[in-house]
Amino acid sequence: ATDATGTAVLTPAPAAGTQLRITALGYRPRQVAAPVVGTGLTLLLVPGGVEIEEVLVTATRTNSRIEDLPTRVEVLGAEEMAEESSIRPASIASLFGDIAGTQLQPTSPTTGNLDLRLQGLPGQYTQILRDGVPLYGGFAGSFGLLTVPPLDLRQVELIKGSNSTLYGGGAIAGLVNLVSKIPEEKKELNFLVNGTSTGGVDLSGYFSQRNAHAGVSFFASQNNGSAYDPSGVGFTALPKFSRFTLTPRFFLYGKHTHVNIGLGYITEKRLGGNINYIKKQVPGYFERNLSNRLTTQASIRQDWPGHGLLVIKNSYSHFNRTISIPSYQFKGLQQSSFSEISWNGGTAGSQWVTGFNLMTDHFNEFISMPGPARNYHNNTAGVFVQNTWSPAATFSLESGLRGDYTNPFGFLLLPRLSFLFKLSEHLSSRVGGGLGYKVPTIFTEESEERQYRNVLPLDQENIRYERSIGGNMDVTYQAYIDGIKLTINPLLFYTRIKQPLVLQPSLNGQLEYVNAPGFTDSKGIDLSFRLSVNVIKFFTGYSYTIVQNHFQEITSWYPLAPHHRLHFDLVYELEKKLRIAFESYYTGKQKLSDPTFGQPYWLLGALIEKTWKNLSVFINGEDLNNTRQTKWESIFTGTMDQPVFKDIYTPLEGITLNAGVKVKL
């Protein structure tokens, strides 16, 4: 940082030729070589109309700038979190619609449960982290994104493709790291009130502050929704629900030691099904979800100047859920924990991260129906090492190796490599790949769609890990031209899962998971384009994805994996004054679970938000062109009392409006 005259002295002085990057808000960045020690350097920066935003990534453990990482990371920052809190204050689910290669897949037509798919692969292959800790998975998987409001998030980090070195199994398709806000010296106090045209009400509040020795953050929200059936088919497009969230966190700051302790509690009641059953208590089909989640997080960071950083962390999750439909109930308790000790050190040219972690995942079913219990107890111990080697300003290599032992499935060794080539000031490329795996469980999209009815326990003597190999290559072009910021980023990817778990009929007429004789692969291209011209921003993303099963020399299309997805966003923004945004999404036809194909469709949305000093007022519209699957086909067969639902691949709620007020003190 320079003084008031614009002068800076670097101590110790960098070696002659070292590349220095100079930035200032309102100016175009410059990159120059350091002069010989003692000669000094005078520079003039050219004014520019684009603010330079420094984005630091935490998922890779190196806290590096996003443009310096060999691993490709996509970050949705504070601006996207603020916009999402105006679009859907109750959850971050719709946030991923703006990222090429992502897809939200409903797992229930009446309760709104859904999974996040990356590059066309089912949600169980995406690992969701909170502040680098795996808190969402297994029985809680389809509730992960539904129960995370955006108001207390600083940013969301997304890594596509296998990334098992630091976090272990589950990240075959990729991982999502939800990064919480942390207290700053300036007090932050936010309130949000929102109402929807479908009968929903959201109330949220966030507070944080710190001093030299301690800090605190506190988030609470109450979210309610009403049963809603816009098409008149008799079943809820949106369920009746009530959810309460409470998240206090405490921070202690020493000279070289930081301590962070957090709690989280979420309780939810969710009821969907026959609209007359819910509103008039008339007998009929229903699906009821009752869930309670208690989580704890703790970490200690010990910084030894010149010797590295030691981090010790622990988390625990207690998730209790009951699913009820007429004549059937599935109820269980999932308890999981994550403990880790890691060290981060080295030099600027060679940075190391190494450590050990232990993950436990125990599920106990409370049997209320005839049949075997689907309990399991998995314990995984892992050792990992990662090195980021940067011998020159134009090249970096990130290499990782992990060894995991899971009881009862055995040992796996997982290597990974990622390269970064800075080809010029404006052009860079990343190439990477590695191995991944998934611990087998019954908690998949297929089971969730059936409420786990007739699904048998895993045969642990014959079931094996799902193993993957994958790679990707991207090119990034960035330029600042007379107040214009342009970014173009194409990505090629390939992931192959060997002997994936599939659900098939058993000899007794029930359903069992087996390792398929073959593989599933996903391949394609994601293309992102961003253009900023002063107060106008334009984003677009396109994905071409092919997901196929290759079983016993027979190739078939993977269901609910459209080949083409496209989105556009146009934003006019006067900072801290006005935001007007338009968005549109296109999804091409897709193969369904039966021999038919789903219709291609468009979705349109718009947002207007006016901001004064401490107050914002917003109104938002979703699916303004009223696209609903029920407009062109029935979503079920059978009777209203015993429906058999078809695949759901479009929204069912149609046009929805929401409006509210945000107060920031």
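This text goes with the structure placed above it.
Okay, so let's go over this structure.

Calculation notes
- Residues numbered from 1 in each chain as written.
- Predicted model: local features only at pLDDT ≥ 70, side-chain atom pairs only at ≥ 80, totals over all residues.
- Heavy atoms only, no water.
- Helix = DSSP H or I, 4+ residues; strand = E, 2+ residues; numbered from the N terminus.
- Rg over C-alpha atoms; globule rule 2.2 N^0.38 Å.
- Contact = heavy atoms within 4.5 Å.
- Areas by Shrake-Rupley, 256 points an atom, 1.4 Å probe, with all protein chains shown as cover.
- Core = buried A, V, L, I, M, F, W, Y, C linked by side-chain atoms within 4.5 Å.
- Buried < 20%, exposed > 50% of the residue type's maximum accessible area, 1.4 Å probe, protein only.
- Phe/Tyr/Trp six-rings, centres within 6.5 Å; stacked < 30°, edge-to-face > 60°.
- Lys NZ or Arg CZ within 6 Å of the ring centre and 35° of its normal.
- Salt bridge = Lys/Arg side-chain N within 4 Å of Asp/Glu carboxyl O.
- Patch = residues over 30% accessible without salt bridge, like charges linked within 9 Å, V, L, I, M, F, W, Y side chains within 5 Å.
- Lys, Arg positive; Asp, Glu negative; His and termini not counted.
- Charge placed at Lys NZ, Arg CZ, Asp CG, Glu CD.
- Pairing = 2+ DSSP bridges.
- Axes fitted to C-alpha atoms, helices over the stretch in contact; angles between N-to-C directions.
- 1 Å grid on protein atoms, 1.4 Å probe; cavity = no way out; pocket = protein on both sides within 12 Å on 5 of 7 lines; lining within 4 Å.
- Points joined across faces, edges and corners; volume = space filled by probe spheres on them.
- Nonpolar A, V, L, I, M, F, W, Y, C, P; charged D, E, K, R; others polar.

Now for the overall build of the chain. Each helix and strand counted, the chain has four helices and 40 strands in total. Computed over its C-alpha atoms, the radius of gyration of the chain comes to 25 Å, within 12% of the 26 Å expected for a compact globule of 665 residues. Overall, the chain is about 85 × 55 × 50 Å in size when its C-alpha atoms are taken along their principal axes. Counting only contacts in the chain whose residues sit at least 6 apart along the sequence, the fraction spanning at least 24 positions is 61%. When the accessible area of the chain is evaluated, it comes to approximately 29400 Å², of which 60% is carbon and sulfur surface.

This next bit is on the environment of Tyr-328. Inspection of the secondary structure puts Tyr-328 in strand 19 (residues 328–347). Separated by 280 residues in the primary sequence, Tyr-328 and Ile-608 place their C-alpha atoms 45 Å from one another. Those residues in contact with Tyr-328 that lie beyond four places of it in its chain are Ile-323, Met-369, Arg-374, Gln-451, Tyr-452 and Arg-453.

With 32 residues, the main nonpolar core has Phe-139, Phe-330, Ile-442, Phe-443, Tyr-452 and Tyr-513 as its most contacted residues. Those elements giving two or more residues to this core turn out to be strand 18 (308–325), strand 19, strand 23 (410–422), strand 27 (501–505) and strand 28 (511–515). Residue contributions to this core peak at three residues, all from strand 18. When near neighbours in sequence (up to four residues on either side) are disregarded, Phe-330 contacts Phe-139, Arg-321, Thr-322, Ile-323, Phe-363, Glu-365, Arg-374, Phe-443, Gln-451 and Tyr-452. The next biggest cluster of nonpolar side chains, apart from the first, holds 29 residues, and it includes Leu-76, Met-81, Leu-95 and Ala-561.

What follows deals with the packing of aromatic side chains. Within this structure, the stated rule accounts for 27 aromatic pairs. Judged by centre distance (5.0 Å) and plane angle (80 degrees), the ring pair of Phe-235 and Phe-636 falls under edge-to-face. With Phe-235 in the loop between strand 14 (214–225) and strand 15 (240–253) and Phe-636 in strand 38 (residues 636–638), this pair connects stretches of sequence that are 401 residues apart. Here the two residues Phe-235 and Phe-636 agree in accessibility, since each one is buried. A cation sits over an aromatic face here: Arg-270 above Phe-241, 5.1 Å from the ring centre. When the ring centre of Phe-519 is taken as reference, the NZ or CZ atom of Arg-496 above it lies at 3.6 Å.

Right, let's talk about the pattern of salt bridges for a bit. As enumerated under the stated definition, the model contains 25 salt bridges in all. Notably, a salt bridge pairs Arg-416 with Glu-398, separated by 3.0 Å at the nearest N-O pair. Of this pair, Arg-416 sits in strand 23 while Glu-398 sits in strand 22 (residues 395–407), and the two are 18 residues apart along the sequence. Comparing Arg-416 with Glu-398 shows no difference in burial state: the two are buried. With its nearest N and O atoms 3.4 Å apart, the salt bridge here joins Asp-521 to Lys-523. Look at Asp-521 and you get buried, because its relative accessible area is 4%.

Further remarks concern a positive patch on the surface. Residues Arg-464, Arg-467, Arg-496 and Lys-498 make up a contiguous surface patch of positive charge. Within the fold, Arg-496 resides in strand 26 (residues 484–498).

Right, let's get into the sheet that holds strand 10 (residues 153–160). Two pairing modes exist for strands in a sheet, parallel and antiparallel, and in both the strands are linked by backbone hydrogen bonds. Judged by pairing direction, the sheet is mixed, and its five strands sit side by side in the order 5-10-11-8-9 without closing on themselves. Pairing within the sheet leaves two strands with one partner each, and these edge strands are strand 5 (74–76) and strand 9 (133–136). Each strand of the sheet is rotated relative to its neighbour by a mean of 30 degrees, with strand direction disregarded. Of the strand pairs in this sheet, strand 8 (residues 126–130) and strand 11 (residues 174–180) are connected by five bridges, and their pairing is parallel. Bridging from a neighbouring strand, Arg-130 pairs with Leu-178 of strand 11. Strand contacts of helix 1 (residues 78–87): strand 5 and strand 10, with the helix running at about 110 degrees to strand 10, the strand carrying the most contacts.

Let us now look at empty space enclosed by the protein. The rolling of a water-molecule-sized probe over the atoms marks out the regions of remaining empty space. One pass over the structure, following the stated rule, counts eight cavities of 30 Å³ or more. Quantified by volume, the largest cavity comes out at close to 780 Å³. Along the wall of the largest cavity there are 41 residues; nearest its centre are Tyr-136, Gly-137, Gly-138, Asp-361 and Lys-438. Ranked by residue count, the leading element in the lining of the largest cavity is strand 19, at four residues. Classifying every residue of the lining of the largest cavity gives 17 nonpolar, 19 polar and five charged. When its volume is computed, the second largest cavity comes out at roughly 260 Å³. Every residue lining the second largest cavity is counted, 23 residues in all, and those nearest its centre are Arg-130, Tyr-136, Thr-247, Gly-264 and Thr-295. Those elements giving two or more residues to the lining of the second largest cavity turn out to be strand 9, strand 15, strand 16 (257–273) and strand 17 (286–304). In terms of residue count, the dominant contributor to the lining of the second largest cavity is strand 16 (five residues). Partitioned by chemical class, the residues of the lining of the second largest cavity number nine nonpolar, nine polar and five charged.

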